[in-house]
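# Analysis of the macromolecular model
In case you want the letters, here they are:
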Amino acid sequence: MEPEDRRVGNDDLFPLAAMRDPVTAPDALAEGPVRFLLVSGELDDGRWGLIGAFWLSIDGSRGGFLVAPEAVWPGSEMVRNLKSALARGWSHERIYRYWQAQVGAAGSIMIDPQQHADTMFQVARRVGAL
């Protein structure tokens, strides 16, 4: 057993732990219809798989990146990228169009062609967030 002063809390070990909270169904159902781009890349454990999805409301005013639970680290990098672009004055639609133009192999990730969903719930299920 470790001495009291050497114990490390979960927040210190897992700084992204709060990002692992699952999306709740009411939140996911609130938005729709949406268009989305599935993004694949290296997962947290080194395997290849789905890291998340860029999404955009049909009117283009709202968007984001929904992180797959198995890809917290690479998914958080995509979120950081999105937040950085917003801070530089890019709109959600401009960010989405940028990534849409990268469909196919784009560096260390693969972006699938645009798809549509009636609700965010469907997108969240596709990325395993529910």
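Our structure's up above, just so we're on the same page.
Notes on the structure follow. Predicted model only: the values in this text are computed from it and were never measured.

This paragraph deals with the overall build of the protein. Helix and strand counts for the protein stand at five helices and six strands. The order of α-helices and β-strands along the protein, N terminus first, is α-α-β-β-β-α-α-β-β-β-α. Of all 130 residues assigned to the protein, the portion counted as buried reaches 37%. Partitioning the intrachain contacts of the protein with sequence separation of at least 6 by distance along the chain shows that 57% fall at a separation of at least 24. Here the protein has roughly 7900 Å² of accessible surface; of this, 52% comes from carbon and sulfur atoms.

Summed over all chains, the structure comprises four aromatic pairs. Each ring, one from W90 and one from Y98, has its centre 6.1 Å from the other, and the planes form 75°; the classification is edge-to-face. Of the residues examined, Y98 reaches a relative accessible area of 39% and is grouped as partly exposed. Look at Y98 and W99: their rings are 5.2 Å apart centre to centre, the planes differ by 85°, and that puts the pair in the edge-to-face class. W99 sits in the buried class, given a relative accessible area of 10%. Put simply, the rings of F54, F65, W90, Y98 and W99 touch in pairs and so form one group of aromatic residues. Looking at R94, its charged tip hangs above the ring of W90, at a distance of 3.9 Å from the centre.

Cut-offs applied
- Residues numbered from 1 in each chain as written.
- Predicted model: local features only at pLDDT ≥ 70, side-chain atom pairs only at ≥ 80, totals over all residues.
- Heavy atoms only, no water.
- Helix = DSSP H or I, 4+ residues; strand = E, 2+ residues; numbered from the N terminus.
- Buried < 20%, exposed > 50% of the residue type's maximum accessible area, 1.4 Å probe, protein only.
- Contact = heavy atoms within 4.5 Å.
- Areas by Shrake-Rupley, 256 points an atom, 1.4 Å probe, with all protein chains shown as cover.
- Phe/Tyr/Trp six-rings, centres within 6.5 Å; stacked < 30°, edge-to-face > 60°.
- Lys NZ or Arg CZ within 6 Å of the ring centre and 35° of its normal.

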